[in-house]
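Reading the structure
Here's the letter readout for the chains.
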Amino acid sequence: MGTMPDPRIPTTHVGSLPRPDALRELLADPAQRGTEAYERTVEDAIREVVRKQTAVGLDVINDGEQSRISYSVDVTNRLSGFGEGQVDREWPADLDDYPEYGHELLGASENIAGPVATDPIEYVGEDALERELRRFDDAVEAEGVTYDERFHTAPSPGAVLRFTRTDYHDDEREYIFDLADALRTEYEAIVEAGARLQIDAPDLLAGFTLTHKGASVSEFRETVGTYVEALNRALADVPADRIRLHACWGNYPGPHHRDIELVDVLDRFYEANVGGLVVEGANPRHQHEHTAFREHQLPDGWTLVPGVIDVKTNVVEHPEVVAERLARFADAVGDPDRLVAGADCGFETVVDGANVVHPTLVWKKLEALVEGAELASARLG
């Protein structure tokens with residue numbers, strides 16, 4: 001919808017946006033799903049985030065993941081074969097080094113209630129997904145707003161694996177490919193609805209300090225290769241230029257000193273059948289990641305969405321800082337026309353009150369994103 005003047009660096013974000021308190025309360029109670037109050041509250045929340053995204057000037061927008069309790073686990077409600085059980089919740093490796101802070105931030109490392117695969121996995125959520133997608137269209141029509149493009153997020157097979165457990169499959173490889181075969185239905189439906197598909201795949205980076213804690217870089221590179229192979233199977237019938245892949249180190253405010261370097265795995269990401277990559281580039285641990293794109297040049301036809309807004313601090317970036325960050329990525333990639341300005345991660349990835357940026361400040365940070373992209377466009381165009 002609409003067109004963007006050329007040349008200009010367009011703007012987007014990663015997916016989740018703040019939810020109103022009333023919606024958080026409803027999402028926390030599974031019995032409320034599908035009730036009249038729930039549907040009305042979700043619809044109102046989506047209308048609000050659609051209105052706010054266009055008001056600050058974002059070009060590529062979404063529904064803010066308002067109807068989800070989590071970016072990764074909600075999809076299991078649309079898959080058969082899962083039951084309730086206990087899932088390991090371990091700290092990331094960086095918090096193991098600082099247990100006092102780990103307890104303060106995340107509490108005890110323990111088993112928690114979660115989805116457990118007990119049977120073959122099949123996709124059964126077509127109606128629920130259609131309803132989720134339709135809510136955005138209804139909100140746009142009700143608000144009368146215009147935008148350049150819509151995106152819709154879905155977790156990678158590896159992201160679902162991270163937050164679930166299987167008692168059915170013989171090993172992790174069998175499990176992740178079973179997930180991939182089921183998730184392809186969701187991926188295809190999102191693109192068929194006219195949205196750009198964003199695959200949320202923290203498993204490709206954060207997995208190094210979580211699911212595969214203790215692995216060597218070489219071993220983890222092999223794991224990333226397997227995860228990308230599974231993802232490609234799920235994306236076999238989706239046009240690559242309609243997909244962007246989001247990989248991150250996790251948006252918890254930890255030290256992150258044990259994170260794997262992007263340069264060590266970036267070339268494995270390029271094996272994915274996608275047309276764009278969303279990466280962190282704003283927080284203190286990963287502001288240098290633009291250098292990885294000098295060693296591993298972005299594939300032909302790909303777009304890069306660097307994070308130039310930090311989602312782990314309430315400090316609002318100066319537009320000049322945003323512009324400088326974009327300039328560094330443009331220099332590394334070699335062409336500012338291949339950039340879309342974004343954020344490091346989602347602002348409210350789970351409904352548990354653990355998100356760092358206060359809801360009232362999210363929109364000011366996104367306003368700075370738009371202003372910074374305008375500055376960068378004027379200088380780099």
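Values in this document were obtained by computation on a predicted structure and should not be read as measured data. (Residues numbered from 1 in each chain as written. Predicted model: local features only at pLDDT ≥ 70, side-chain atom pairs only at ≥ 80, totals over all residues. Heavy atoms only, no water.)

As a further point, take the sheet that holds strand 9 (residues 303–306). Taking strand neighbours across the sheet as the criterion, the six strands line up as 1-4-6-7-8-9 in an open arrangement whose pairing is parallel. The open sheet has two edge strands with one neighbour each: strand 1 (60–61) and strand 9. Two strands pair when backbone bridges link them, and strand 8 (residues 276–279) and strand 9 are joined in this way by four bridges, in the parallel orientation. When the sheet's bridge partners are listed, Leu277 is paired in strand 9 with Leu304. (Pairing = 2+ DSSP bridges. Helix = DSSP H or I, 4+ residues; strand = E, 2+ residues; numbered from the N terminus.)

Attention now goes to the side chain of Glu186. Looking at where Glu186 falls in the secondary structure, it is placed in helix 7 (residues 172–192). We classify Glu186 as buried; its relative accessible area is 0%. (Buried < 20%, exposed > 50% of the residue type's maximum accessible area, 1.4 Å probe, protein only.)

Here we come to helix 7. Here helix 7 is 21 residues long and its end C-alpha atoms lie 30 Å apart, about the 30 Å a rise of 1.5 Å per residue gives. The N-terminus of helix 7 is capped by Asp171, whose side-chain oxygen sits 3.3 Å from the backbone nitrogen of Arg173. Just past helix 7, the residue Gly194 takes up positive phi, approximately 100°. (Expected span 1.5 Å × (residues − 1). Polar contact = N/O pair within 3.5 Å; in protein donor to acceptor, adjacent residues only side chain to side chain.)

Before going further, it helps to spend a moment on the pairing of strand 8. The two faces of the sheet receive side chains in turn, since in a regular strand these alternate between them. Residues Gly276 and Val278 of strand 8 are buried on one face, and the alternating residues Leu277 and Val279, pointing to the opposite face, are buried as well. Sheet analysis places strand 7 (residues 243–246) next to strand 8, joined by two bridges and oriented parallel. Residue pairing in the sheet places Leu245 in a bridge with Leu277 of strand 8.

We now examine the environment of Thr211. When you line up the elements, Thr211 lands in the loop between strand 6 (196–200) and helix 8 (217–234). Here Thr211 falls in the partly exposed class, since its relative accessible area comes to 34%. Placed 163 residues apart in sequence, Thr211 and Glu374 show a C-alpha to C-alpha distance of 39 Å. With residues near it in sequence (within four places) discarded, Thr211 still touches Leu161, Arg162, Glu172 and Tyr227. (Contact = heavy atoms within 4.5 Å.)

Our focus in this paragraph is empty space enclosed by the protein. Scanning the model with the defined rule gives two cavities of 30 Å³ or more in all. Reported here for the largest cavity is a volume of approximately 40 Å³. Pro7, Arg8, Ile9, Pro336, Asp337, Ser377, Leu380 and Gly381 together form the lining of the largest cavity. Taken together, the residues that form the lining of the largest cavity break down as four nonpolar, two polar and two charged. Ser156, Pro157, Gly158, Ala201, Asp203, Leu204, Tyr227, Val228 and Leu231 together form the lining of the second largest cavity. (1 Å grid on protein atoms, 1.4 Å probe; cavity = no way out; pocket = protein on both sides within 12 Å on 5 of 7 lines; lining within 4 Å. Points joined across faces, edges and corners; volume = space filled by probe spheres on them. Nonpolar A, V, L, I, M, F, W, Y, C, P; charged D, E, K, R; others polar.)

What follows is about the state of the cysteines. Summed over the entire model, instances satisfying the criterion amount to zero disulfides. Distance from the sulfur of Cys248, which forms no disulfide, to the nearest cysteine sulfur (Cys345) is 3.9 Å. On the basis of relative accessibility, which here comes to 4%, the residue Cys248 falls in the buried class. Among the residues examined, Cys345 registers a relative accessible area of 7% and is labelled buried. (Disulfide = S-S within 2.5 Å.)

Along the chain, the position of Gly85 falls in strand 2 (residues 79–89). Sequence separation between Gly85 and Gly250 is 165 residues; the distance between their C-alpha atoms is 24 Å. Setting aside anything within four residues of it in sequence, one finds Gly85 in contact with Ile112, Ala113, Gly114 and Val116.

A word on the packing of aromatic side chains. Applying the stated criterion across every chain yields a total of four aromatic pairs. Geometrically, the ring pair formed by Phe136 and Tyr147 is edge-to-face, given 5.7 Å between the ring centres and 80° between the ring planes. Taken together, the positions of Phe136 in helix 5 (residues 126–143) and Tyr147 in the loop between helix 5 and strand 4 (149–155) put the pair 11 residues apart, joining distant regions of the chain. Exposure remark for Phe136: the relative accessible area of 1% places this residue in the buried category. Residue Tyr147 is classed as buried on the basis of its relative accessible area of 11%. Arranged with centres 5.4 Å apart and planes meeting at 85°, the rings of Tyr270 and Trp302 form a pair that is edge-to-face. Taken together, the residues Tyr270 in the loop between helix 9 (266–269) and strand 8 and Trp302 in the loop between helix 10 (292–295) and strand 9 connect sequence positions 32 residues apart. One exposure class covers both Tyr270 and Trp302, and it is buried. When the ring centre of Phe163 is taken as origin, the NZ or CZ atom of Arg162, which lies over that ring, is 4.9 Å away. The ring of Phe151 is capped by Arg244, whose NZ or CZ atom sits 4.2 Å from the centre of that ring. (Phe/Tyr/Trp six-rings, centres within 6.5 Å; stacked < 30°, edge-to-face > 60°. Lys NZ or Arg CZ within 6 Å of the ring centre and 35° of its normal.)

This part takes up the confidence of the model for the protein chain. Parts of the model with low pLDDT should not have their predicted coordinates read in detail. Residues with a pLDDT of 70 or more make up 97% of the protein chain, whose mean pLDDT is 94. Long-range and interchain partners of residues 1–5, a stretch whose pLDDT sits below 50, account for 11 contacts in this model, where long-range means more than four residues apart. (pLDDT = per-residue confidence, 0-100.)

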